[in-house]
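Fold and contact review
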Amino acid sequence: MKNRGFILLCLLLTALIVYLFATAPAPLPENRTAAASIDIERVFRLAESENDAVRALWTEEIVGAGPKVGLQFSEDWREKGEEAG
């Protein structure tokens, strides 16, 4: 009985492997990286603008609204015994 389950599992896995190899997509072209380069300064500007947007959202939604619901914020948040963010 256990052998039947093992054999069935092996057959199913074999069929799955054959299916995945038979339906695999075509390989990507080799020279793709040269055409897809992005200027690193542009990447840094994008990261900076994303960081600015997230900081503004954090300041408005968490730090601005937090004290209204009882959250505390302090520069000494790392100090032992300090219960503030």
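Residues numbered from 1 in each chain as written. Predicted model: local features only at pLDDT ≥ 70, side-chain atom pairs only at ≥ 80, totals over all residues. Heavy atoms only, no water.

A look at the overall build of the protein
A count of helical and extended segments in the protein gives three helices and zero strands. Its helices and strands taken in sequence order, the protein reads α-α-α from the N to the C terminus. In the protein, which comprises 85 residues, the proportion classed as buried is 2%. Total accessible area on the protein is roughly 8,500 Å²; 62% of this is exposed by carbon and sulfur atoms. (Helix = DSSP H or I, 4+ residues; strand = E, 2+ residues; numbered from the N terminus. Buried < 20%, exposed > 50% of the residue type's maximum accessible area, 1.4 Å probe, protein only. Areas by Shrake-Rupley, 256 points an atom, 1.4 Å probe, with all protein chains shown as cover.)

Remarks on a nonpolar patch on the surface
A surface patch of nonpolar side chains, about 550 Å² in accessible area, is lined by Trp58, Ile62, Val63, Val69, Leu71 and Phe73. Locating Phe73 in the fold gives a position in the segment after α3 (40-64). (Patch = residues over 30% accessible without salt bridge, like charges linked within 9 Å, V, L, I, M, F, W, Y side chains within 5 Å. Salt bridge = Lys/Arg side-chain N within 4 Å of Asp/Glu carboxyl O.)

A word on α3
Here α3 spans 34 Å end to end across 25 residues, near enough to the 36 Å set by a 1.5 Å rise per residue. Where α3 bends most, the angle comes to about 30 degrees, and this point is Trp58. (Expected span 1.5 Å × (residues − 1). Bend = angle between axes of the 7 residues up to and from the residue.)

Some thoughts on the environment of Glu83
Here Glu83 shows up in the segment after α3. Assessed through its relative accessible area of 70%, Glu83 is described here as exposed. Residues Glu83 and Phe73, ten residues apart in the sequence, show an inter-C-alpha distance of 8.4 Å.

Concerning the confidence of the model for the protein
Detailed reading of predicted coordinates is not advised where the pLDDT is low. When pLDDT is averaged along the protein, the result is 84; 89% of the residues meet or exceed 70. In the model of the protein, helix α2 (residues 32-35) stands out as the element of lowest mean pLDDT, 59, in contrast to α3, which has the highest, 91. (pLDDT = per-residue confidence, 0-100.)

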